[in-house]
Amino acid sequence: NAGVTQTPKFQVLKTGQSMTLQCAQDMNHEYMSWYRQDPGMGLRLIHYSVGAGITDQGEVPNGYNVSRSTTEDFPLRLLSAAPSQTSVYFCASRMDVETEAFFGQGTRLTVV
Amino acid sequence: AQSVTQLGSHVSVSEGALVLLRCNYSSSVPPYLFWYVQYPNQGLQLLLKYTTGATLVKGINGFEAEFKKSETSFHLTKPSAHMSDAAEYFCAVRAGTYKYIFGTGTRLKVLA
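Computed from a predicted model, the values in this text were never measured in an experiment. Throughout this description, residue numbers start from 1 for each chain and increase along the sequence as written. Following the order in which they are written, the chains are lettered starting with A and the ligands numbered starting with 1. Under the rules for a predicted model, residues below a pLDDT of 70 receive no local features and side-chain atom pairs below 80 are neither given nor counted, while totals for whole chains, interfaces and linings still include all residues. Heavy atoms from the whole structure form the basis of all side-chain values; hydrogens and water molecules are not counted.

Trainee: Would you mind showing me how to read the pairing of strand E12 (residues 106–111) of chain B here?
Mentor: All names here are of chain B. Accessible area is worked out with a 1.4 Å probe on protein chains only. A residue is then buried under 20% of its type maximum, exposed over 50%, and partly exposed in between. The numbering of helices and of strands both runs from the N terminus, where a helix is a DSSP run of H or I of at least 4 residues and a strand a run of E of at least 2. Taking every second residue as pointing to the same face, the buried face of E12 carries Thr106, Leu108 and Val110, while none of Arg107, Lys109 and Leu111 on the other face is buried. Pairs of strands are assigned from DSSP output, requiring at least two bridges between the strands. Relative to E12, strand E2 (residues 10–14) is paired through five bridges, and the arrangement is parallel. Bridge pairing in E12 links valine 13 to valine 110. Pairing between strand E10 (residues 87–94) and E12: three bridges, direction antiparallel. Bridge assignment links alanine 87 to a residue of E12, and that residue is leucine 108.

Okay, structure coming up:
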């Protein structure tokens, strides 16, 4: 059972470039989320989804887009990368609102 | 607004000593509370959770936490620290019907 898989693990982008961070889960979880982790700031919620076709904004959504066309996948798009988006990104999924979140291994993104 | 406060970004304890990591929250919905642990270069793993029922919850690796509604707290404790407990610990609280927010984390150092 793979759980939550994030790709790539590492990425370097130039300012202004776009890219998609991939997240896939094989646990048939309805709820998926994207967080960014920065030193001293913990994990901050970017976007989340409660099922295919349903997404909503978290605490820090600016500069990021998401879509959820299938239960399994929840990609995060950076439209025009900025150095402020240098961070470690985590995708998480959960079965329902009372259960634990399962996290991917993270994507370390550097924007130069 | 919903929030999570973890007091102390760094905590050091001697091996065998009591571990106490503090978490205070505010939430406008019935609080579901979680503690996660993160080892270097890894994702987060669940330690324990409180949703309903018994306010003293036990988790993995000898950790436990007590939900105190009157104090809006969910502090994490372990009677005797082990070197392998050195990691970063995050408290999370339900911040809406479907979303969770995290504290800024507490890095635990265990001294030999």
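Trainee: Explain the interface of chain B and chain A to me, please; I cannot follow it from the model alone.
Mentor: Interfaces are often sized by the amount of accessible area the parts lose when they come together. Here, residues are in contact when the closest pair of their heavy atoms is within 4.5 Å. Taken together, the contact pairs 22 residues of chain B with 23 residues of chain A. Buried area between chain B and chain A, both sides added, is near 1900 Å², and the carbon and sulfur share of it is 58%. Broken down residue by residue, the surface that chain B buries against chain A is led by Tyr98, Tyr100 and Phe102 of chain B, which jointly contribute 29%. Between Lys or Arg on one side and Asp or Glu on the other, a salt bridge is scored when a side-chain nitrogen of the former is within 4 Å of a carboxyl oxygen of the latter. The tally of links between chain B and chain A comes to zero salt bridges. As used in this structure description, the phrase polar contact means that two N or O atoms lie within 3.5 Å; if the pair is within protein, one of them must be able to donate a hydrogen and the other to accept it, and residues adjacent in sequence are counted only when both atoms belong to side chains. Between the two partners, chain B and chain A, sit six residue pairs in polar contact (both at pLDDT 80 or more). Breaking the side of chain B that touches chain A down by element, the ones donating at least two residues are strand E5 (33–38), strand E6 (44–50), E10 and strand E11 (100–102) of chain B. Under the convention adopted here, Pro, Cys and the residues Ala, Val, Leu, Ile, Met, Phe, Trp and Tyr are nonpolar, Asp, Glu, Lys and Arg are charged, and Gly plus all remaining residues are polar. When its residues are assigned to classes, the side of chain B that touches chain A shows ten nonpolar, eight polar and four charged. Summed over both partners, the accessible surface that disappears when two parts come together, traced with a 1.4 Å probe, is what is meant by buried area.

Trainee: What's the story with the pattern of salt bridges in this structure? I'm lost.
Mentor: Pairing between side chains of opposite charge can happen when their charged atoms approach one another. All names here are of chain A. Within this structure, the stated rule accounts for five salt bridges over all chains. Among the salt bridges present, the one from arginine 36 reaches aspartate 38, with a minimum N-O distance of 2.8 Å. The exposure class of arginine 36 is buried, given its relative accessible area of 8%. A residue is classified by how much of its surface remains accessible, and aspartate 38, at 10% relative accessible area, is buried. Residues arginine 44 and aspartate 38 are paired through a salt bridge, measuring 2.8 Å at the closest nitrogen-oxygen approach.

Trainee: Is there a simple way to think about the pairing of strand E4 (residues 31–38) of chain A in this case?
Mentor: Regular strands show a simple pattern: their side chains alternate between the two faces of the sheet. All names here are of chain A. Counting buried positions along E4 yields eight of eight residues, so the element is predominantly enclosed. Pairing of E4 with strand E9 (residues 87–94), which is carried by seven bridges, proceeds in the antiparallel orientation. Bridging from a neighbouring strand, methionine 32 pairs with serine 93 of E9. In this sheet, strand E5 (residues 42–51) lies alongside E4 in antiparallel orientation, the contact comprising seven bridges. By the bridge assignment, tryptophan 34 is partnered in E5 with histidine 47. Once E4 ends, the chain turns through three residues before running back antiparallel as E5, passing glycine 40 with a positive phi of about 75°.

These values are about where atoms sit, not about what they do.
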